[in-house]
Amino acid sequence: MKLEYLLSALLACQTVAEASPIDRIFRHKTPENKQNALASLLQSGLPLPNATNSSYTNTTSNNGTNNTTTSYQNKTNTTKPADSLQVIFTGGQVSITNTSKVHTNTTNLFNSSRALNITQMYDVATAINSTININTTTGAVVVANSRSLEGLGFFSSVLFDNKKPIVISDDSKLAAVVAADKGAASRGTLVVTKDGKIYNGVFAPSSICREECAGIPVGIVTSAGKVQWFFDASIPTLVNSTSIIRREFKNFTYASDFTNSIVPIVYDGEYSSELIESVSGNIEGLVVATTGSSNSTTSPFEDIPVVFAQADSTESFVGEGDVPKGAIAAGYLSPVQAQILLSIAAANGVTETEDVQSLFP
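- The name given to the chain in an unreviewed UniProt entry is Asparaginase, with Naumovozyma dairenensis as the source organism.

Considerations on the overall build of the chain
Next, step 1: The secondary structure content of the chain amounts to nine helices and 14 strands.
Next, step 2: Each of the 361 residues in the chain was classed as buried or not, and the buried ones make up 51%.
Next, step 3: In the chain, of all internal contacts separated by at least 6 residues, the share reaching a separation of at least 24 is 60%.
Next, step 4: For the chain, the exposed area adds up to about 17400 Å²; of that, 48% sits on carbon and sulfur atoms.

Describing helix α3 (residues 118-129)
Next, step 1: Across its twelve residues, α3 extends 16 Å between first and last C-alpha, which sits within 8% of the 16 Å expected from 1.5 Å per residue.
Next, step 2: When α3 is considered as a whole, its buried residues turn out to be Ile 118, Thr 119, Gln 120, Met 121, Tyr 122, Asp 123, Val 124, Ala 125, Thr 126, Ala 127, Ile 128 and Asn 129.
Next, step 3: Elements in contact with the buried residues of α3: β3 (84-89), β5 (137-143), α4 (149-159), β6 (166-169) and α8 (335-347).
Next, step 4: Taking the backbone nitrogen of Thr 119 as reference, a side-chain oxygen 3.1 Å away marks Asn 117 as the first, capping residue of α3.

With respect to the environment of Pro 236
Next, step 1: Along the chain, Pro 236 turns up in the loop between β10 (227-229) and α6 (244-248).
Next, step 2: A relative accessible area of 12% means that Pro 236 is categorised as buried.
Next, step 3: In contact with Pro 236, not counting residues within four places along its chain, are Asn 200, Val 202 and Phe 203.

Some remarks on a nonpolar patch on the surface
Next, step 1: A surface patch of nonpolar side chains, amounting to about 340 Å² of accessible area, comprises Ile 216, Phe 230 and Phe 231.
Next, step 2: Within the secondary structure, Phe 230 is located in the loop between β10 and α6.
Next, step 3: Overall, the relative accessible area of 43% leaves Phe 230 in the partly exposed class.

Overview of the environment of Asp 232
Next, step 1: With respect to the secondary-structure elements, Asp 232 resides in the loop between β10 and α6.
Next, step 2: A sequence separation of 45 residues divides Asp 232 from Arg 187, and the C-alpha atoms of the two residues are 8.7 Å apart.

Looking at the nonpolar core
Next, step 1: Counting 50 residues, the largest nonpolar core has Ile 128, Leu 152, Phe 155, Phe 252 and Phe 360 as its most contacted members.
Next, step 2: Breaking this core down by element, the ones donating at least two residues are α3, β5, α4, β6, β13 (306-310), α8 and α9 (353-359).
Next, step 3: Mapped onto the domain boundaries, this core takes at least three residues apiece from domain 1 (84-229) and domain 2 (262-360).
Next, step 4: Discounting residues that sit within four places of it in the chain, Ile 128 has contacts with Gln 86, Ile 88, Ala 140, Val 142, Phe 160 and Ile 166.
Next, step 5: One finds Val 141, Ala 175, Val 178 and Ala 179 within the second-largest nonpolar core, a separate group that totals 20 residues.

A look at the sheet that holds strand β11 (residues 265-267)
Next, step 1: Pairing is parallel across the open sheet formed by four strands, whose spatial order is β11-β12-β13-β14. On the outer flanks of this sheet lie β11 and β14 (328-329), each paired with one strand and no other.
Next, step 2: Here five bridges tie strand β12 (residues 286-290) to β13, and the two strands are oriented parallel to one another. Residue Thr 290 lies in a different strand from β13, and its bridge partner there is Gln 310.

Overview of α4
Next, step 1: In terms of burial, α4 is a largely internal element, eleven of the eleven residues being buried.
Next, step 2: Listed as buried for α4 are Leu 149, Glu 150, Gly 151, Leu 152, Gly 153, Phe 154, Phe 155, Ser 156, Ser 157, Val 158 and Leu 159.

Description of the packing of aromatic side chains
Next, step 1: Here the structure, examined in full by the defined rule, presents three aromatic pairs.
Next, step 2: Relative to Phe 155, the ring of Tyr 122 lies with its centre 5.1 Å away and its plane at 80°, an arrangement referred to as edge-to-face. Residue Tyr 122 is found in helix α3, and its partner Phe 155 is found in helix α4; the two are separated by 33 residues along the sequence.
Next, step 3: Accessibility expressed as a relative area gives 0% for Tyr 122, which makes it buried.
Next, step 4: Of note, Arg 187 hangs over the ring of Trp 229, and the distance from its end group to the ring centre comes to 4.0 Å.

Digging into the pairing of strand β8 (residues 197-200)
Next, step 1: Pairing of strand β7 (residues 189-192) with β8 involves three bridges; the strand directions are antiparallel. For Leu 190, the partnering residue across the bridge sits in β8 and is Asn 200.
Next, step 2: With two bridges joining them, β8 and strand β9 (residues 219-221) adopt antiparallel strand pairing. The residue bridging Ile 198 from the neighbouring strand is Gly 219, located in β9.

Some details on unusual backbone geometry
Next, step 1: Of note in this structure, Ser 186 is not a glycine but carries a positive phi near 60°.
Next, step 2: The topology assignment puts Ser 186 in the loop between α5 (172-180) and β7.
Next, step 3: Residue Ser 186 is classed as partly exposed on the basis of its relative accessible area of 33%.

Notes on the packing of α3 against α4
Next, step 1: The N-to-C vectors of α3 and α4 enclose an angle of 55°; their axes lie 11 Å apart at closest approach. Considering the angle they form, α3 stands oblique to α4. Handedness of the crossing formed by α3 with α4: right-handed. The residues of α4 that touch α3, namely those facing Ile 118, Met 121, Tyr 122, Val 124 and Ala 125, are Gly 151, Leu 152, Phe 155 and Leu 159.

Rules of the game
Residues numbered from 1 in each chain as written. Predicted model: local features only at pLDDT ≥ 70, side-chain atom pairs only at ≥ 80, totals over all residues. Heavy atoms only, no water. Helix = DSSP H or I, 4+ residues; strand = E, 2+ residues; numbered from the N terminus. Buried < 20%, exposed > 50% of the residue type's maximum accessible area, 1.4 Å probe, protein only. Contact = heavy atoms within 4.5 Å. Areas by Shrake-Rupley, 256 points an atom, 1.4 Å probe, with all protein chains shown as cover. Expected span 1.5 Å × (residues − 1). Polar contact = N/O pair within 3.5 Å; in protein donor to acceptor, adjacent residues only side chain to side chain. Patch = residues over 30% accessible without salt bridge, like charges linked within 9 Å, V, L, I, M, F, W, Y side chains within 5 Å. Salt bridge = Lys/Arg side-chain N within 4 Å of Asp/Glu carboxyl O. Core = buried A, V, L, I, M, F, W, Y, C linked by side-chain atoms within 4.5 Å. Domains from an automatic or database assignment. Pairing = 2+ DSSP bridges. Phe/Tyr/Trp six-rings, centres within 6.5 Å; stacked < 30°, edge-to-face > 60°. Lys NZ or Arg CZ within 6 Å of the ring centre and 35° of its normal. Axes fitted to C-alpha atoms, helices over the stretch in contact; angles between N-to-C directions. Parallel < 35°, antiparallel > 145°, perpendicular 65-115°, else oblique. Left-handed = near helix turned anticlockwise from the far one by under 90°.

Here it is, written out as structure tokens:
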């Protein structure tokens, strides 16, 4: 009865409202699509590329009222618009210092102290996509609470295929310093922790075992506010240009019609096949968190993909020989990352076990 209560509560918590689709501004270069993209920008209140506004502040508050306040300093000369760093607040430390010495386009999307769910992450992606492809936008910063760094970093790594820096942190000042650094380009999504360490989004520290599972940083912000990179710019194999995700599932980089995708996480040995089967019609997938080779005798269900991922371990890897027949091994992905990848797949209609299995390392 205890497990049934926990799973019911988990499913209830993951039932979320439909998110807005991600705008594909300037993705296609035809004149008609450019015109439609410009119309979308006009409707959103954002400044246009090559417009006469040389500086602006666009602040959006999404606290239930959906109020938007936009202020401009209008100039009639032909001065080139100033570069702008896009900053999105979802929690964490919300004050930002203009360390990068560029204008900021600021959006107050959430003020959450809990880990962001998949719908909220898609809202963040929508906000980023609204300006990231504008020439004067130098990059994006997402300020989030510490519980969201792992999930949001991984989510953004899958969703965004952009050379401009997208930096996620619970410290806005450090994030702005990294995003303004020229060496941050072409590295994919980056996650910056409060101690100044910079990680690739695919390998961001787990909120569960941050000290033991921190991984290898790609750089650091020094006490003098300088960025020191440890490696040349590169993209992790999971999401680089030759990966399955980029070659076979290009639609993952946007969602024209995002629908709710409920993917619970349960612990191996603490659930029954009968219980999961009773709710399988209401979920798009299942992640089983295991601390070693699985002893589960539960057969995966025919209508949903089941992924086994290792938790609470410094050597987090689950191979094909560690899971029941027909289940999917998460490889080096954590349960949270496996949950997000399953959710993205479900949001794009990828639900066949064979197709889902190809996504995992």
